[in-house]
Structures are given as C-alpha cells and as structure tokens.
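Chain by chain, the residues run as shown.
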Amino acid sequence: MKVVRLRGRGGVRRGLRYGSVGSMVALGVGLHAQAAHAQLIQQLFPSDVPGYSTDLTGSVVTHQMMGQQSDGIGMGSWLLRPSASENVGYNTNTLGIPGSGSPAVQTSANVSASSRWRRHALGASVGMDDHRYPTQSIASYTNWHGSIGGSLNLGHDTLSAAFSHYQYHLSATNLGVYGVVYPVPYQVNDGRLSYTKVFGRFSLIPAFDYQDFSFGTAPGPISIDYDSISHKVETGSLTSRYEFSRGDALVAVLRGSAAQFDQAVQASTNNYADGAGFVGVDFRRGQVWQYRLLVGGETRSFKNGYSPSVSTPTFEANVAWMPRRIDTVTLTAARHISDPETPFARNQVITDVRLQWDHELRHNVFVRAYGEFGESSSQSGQQAQGSAVASLEGSRLQKQIHFGGTVFWNIDRHVRASLTYNYVNNATSGGNVNYLDIPGRLSTFTSNTVLLGFSISG
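A quick note: this is a predicted structure, and the numbers were derived from the prediction, not measured.

(A) Quick peek at the pattern of salt bridges. One pass over the full model with this rule turns up 19 salt bridges. Measuring nitrogen to oxygen at the nearest pair gives 2.9 Å for the salt bridge that ties Glu298 to Arg255. In this pair, Glu298 is assigned in strand β14 (residues 289-302) and Arg255 in strand β12 (residues 248-261), connecting sequence segments 43 residues apart. The exposure class of Glu298 is buried, given its relative accessible area of 4%. One network of salt bridges, in which partners are shared, links Arg241, Glu243, Asp282, Arg284, Arg292 and Glu316.

(B) Spatial organisation of the packing of aromatic side chains. Counted by the stated rule, this structure contains nine aromatic pairs. Consider the rings of Trp78 and Trp117, whose centres lie 5.5 Å apart with planes at 75 degrees: the pair is edge-to-face. Placement of Trp78 in strand β4 (residues 78-91) and of Trp117 in the loop between β5 (102-115) and β6 (121-132) is noted, with a sequence separation of 39 residues between them. Taking the relative accessible area as the measure of exposure, Trp78 reaches 30% and is therefore partly exposed. Positioned over the ring face of Tyr272 is Arg300, at 3.8 Å from the centre of the ring. A cation over a ring is seen here: Arg354 above Tyr370, with NZ or CZ 4.2 Å from the ring centre.

(C) Geometry of the nonpolar core. Counting residues in hydrophobic clusters, the biggest one holds 23 residues, and the most contacted among them are Val180, Val184, Tyr186, Phe215 and Tyr226. Listing elements by their share of this core, those giving two or more residues are β8 (157-170), β9 (184-199), β10 (202-215) and β12. Beyond its immediate stretch of four places on either side in the chain, Val184 contacts Tyr168, His169, Leu170, Gly216, Ala218 and Tyr226. Counting residues in hydrophobic clusters, the runner-up holds eight residues, among them Ala104, Tyr133, Ala139 and Leu451.

About the criteria used
- Position numbers for residues start from 1 in each chain and track the written sequence from start to end.
- Totals for whole chains, interfaces and linings use every residue, but because this is a predicted model, local features are given only for residues with pLDDT of at least 70 and side-chain atom pairs only at 80 or more, for both listing and counting.
- Side-chain descriptors were evaluated using all non-hydrogen atoms of the structure, hydrogens and water having been removed beforehand.
- The term salt bridge refers to a side-chain nitrogen of Lys or Arg lying within 4 Å of a carboxyl oxygen of Asp or Glu.
- Runs of E in the DSSP output that reach at least two residues are strands. Runs of H or I that reach at least four are helices, and both are numbered from the N terminus.
- Three exposure classes are used, based on accessible area relative to the maximum for each residue type with a 1.4 Å probe and protein chains only: buried under 20%, partly exposed in between, and exposed over 50%.
- Within 6.5 Å between ring centres, the rings of Phe, Tyr and Trp (the latter by its six-membered ring) count as paired, and their orientation is classed by plane angle as stacked under 30 degrees, edge-to-face over 60, tilted in between.
- By definition, being over a ring means that NZ of Lys or CZ of Arg is both within 6 Å of the ring centre and within 35 degrees of the ring normal.
- Only buried residues count toward a nonpolar core. Its members are Ala, Val, Leu, Ile, Met, Phe, Trp, Tyr and Cys residues joined through side-chain atoms within 4.5 Å.
- Here, two residues are considered to be in contact whenever any of their heavy atoms come within 4.5 Å of each other.

And the structure:
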C-alpha cells in the first residue's frame, strides 16, 4: 500500500496520509458525484500514475465498470488511455446567491500513458475540465492538470517519485470556502518521494511531500486578490504496517508538516508547524466486509508565539459492506485540520461523513445513491484591502448536507451514458457571515443539479 494524501487544501487538504476506499469509489470513470468537501487534490490525482496510485478496493460499480471498460491502446511496452466526456443539464445555484441558476455544460478530456514493464513503472497523465454556464458566464471556468510519476522495484523494496501541476478554481459552494462568489483561480505544484522497506510481514514507508500553492484574483464587480494565502508546505511522514495475514494489517502513521506563507502579513500569523499520529487496522481480505479504521490526534502551533495552538482528535473510517455481488454499501468518514482556503478563515477543522449505495441493476446498468454531511469549524481571519485590513471577528461554523444519485449505462466498452442528480444545502453561522457586504451573499443556500452525460474511452 502506498502512502498517499487523503486531504490537501482548497483543492488540497492535508490530513490522514493513507489511501481510502471512498476516494477510489469515485474513480474517474464517469462515477462523479458532488461531494461536501472542497475540490481536494487527492481526489484529482490520477490513479494510474505511479507514485499517486491508491488502493482500488471498492464498490460493485467500480469493479464491474472497470471490468467492462476498454483495454486501452497498446503501443509496444506502453498503454495509452484517452477519454472524453460531455455533460449537459441545469444548476439552480452556480454561485451560492439567489438568481444564479443556469444551464450547465461540462466538458472533460484526459489522456494517460503507462508502462507495461515487468518490474519498474512509469506513467503520465494530462487532462482538462471545462465548466460553462451560458446565463452566468462569470461562473464559468476551466481546470487542467499534468502529472508524471514512476516507481523502481528494488527486490522487496519500492522507491516511488511523482510530480503534478494543477490549475484549478475555488468554488463558492464548496465546504470551507468563505467570502467567495466568483471562481478563484489557483495553481499547485506537488512533488513527492516515498520508499517502502519490507521486513517480512513488517514494512516501513518514509515519505516526503512538497506543495506550492499560488492563488489569483476572483473576477467580478468585487475583485478580491487571494494571493495573501499563497504558501508552501513541506511534509514528512512515516507509515508502518504489520500484516498478520495477507491483506490484513495493523497500521501506524506519524506525520510532521511546516508551512510558510508568501506575504509578510499572513506569514506573521499563519506560519505553522504541525504534528499528527494515527493508529488503526486495515482489513482488505474479506469478501463481505472490508474496512480501514485509523484514530489519532493532530496539533498545530504557530511561529508568531501569540496565536493559540490548535489541537483536535482526528480519524479516518472506511467501511465497505458487500452482502451480494450486485450490491455495495460504503461508509467513509474523516476529521482533520485544514489550511485556510480564503483570507476570511484560518485553521479549519473539517469533519466529513458519507454513506453510499451501489447496485448493479443489470449487466450494463448501474445505480449509485449517496448522502453526505460535512462541517467546517474555523477561526476568523484577516483580509487586506488596499492599505486597510478588515478584521473578521469570531469563529465560524459551516454545515453542508448533500444527497443524490446517478444511473450509469455502459452502451458498449467505449461509450457510457449517465444521468445524475445532486442536492446541496449550506448553512453558515457566526463570525459575521455576510462579510464584505457582498450583494446577495447569504449564509444559507441550496443547489440542485441535473446532468445528462456521455463519455468515450479508447
């Protein structure tokens, strides 16, 4: 099992550094469902690039749809997998404010290449994701990414390295995002290195990760520069596993991080050192039950000496129940400390719980239904506006409820159709939630999205 980030911030949350059943249940094979948490980088990492690969244990939908997908395009010792999708529908609330409903057109394309060598591995992936809202054009945006990674088989040991570049956007309707109305561009450079040392049933996995976040300016009549939260993070971790039977193991994780914010004002308040530890079990051999349970704690102290430290219990729970070959029920839950995603909040404690049911209705028709609850508890932050600094007092609590479902139809091995419905309810309290007098910006909003989609894979 490779060491991975479950969470990164704003697109990238830092949290428990271990793969999850839930993260792969939402594979990039047309199984998209809007989640309560923000656009996490871990969800965006390509699963077929060495160094970013996560565990593929998952639902009946994942297994069956991957089994029915095309074999890719063989090119000697390389395998090429191109894919593209088009989704059209309607979103009743694109910006989290009244009157921002619009037809929606979502276009994505991706191509990956992976080696088919016997021992070592090398892979790369590049893709784009475009969101158009014809009657709310200011809400439209385009994301893209590129990743490369590889692993060396050193007998019983494995050395992995990977690098990714992302150009993405913060959304006003994401959990943990405050003060955002129009999409905020940001880019991330992520580099990671890990080494798996095996001693029989016992293994040690030291890893190092470097991330550089750079935020831009949101468009619109109220232009806000988010560069103040641009920062760099270095993280080292050590994961140990003891397998008492094949696929079943005891797990312990130690992790330390340090962050440096680019701007002097933010650096004086937000530069921090973070430590966390987790212990638990990872049972993957069962035919009916598979689960990973990790519990621990995380603490964050600030280098300025006067900001209070933040400590909280943390956990990850991933439980998959497969009573029949055609059904899977998956529970995922996590709690961790997150970096601020806007200048309006800092030191968010994120809690997220998701229950999902996957069912094979027919050989080529699959159904997915889910419900999810997310909560973000954060301290107030500061935002610079010209020469003035506006202080936002008090703590802030944000809660989101999501539910919805998707029907997938594998027309053949290359073409797939889907019909998706998602509902979101957001409520924010405390800390002057109608900040900056943004017109129409409310603490509570709901959103309904219906999409009809088609995807093609090579």
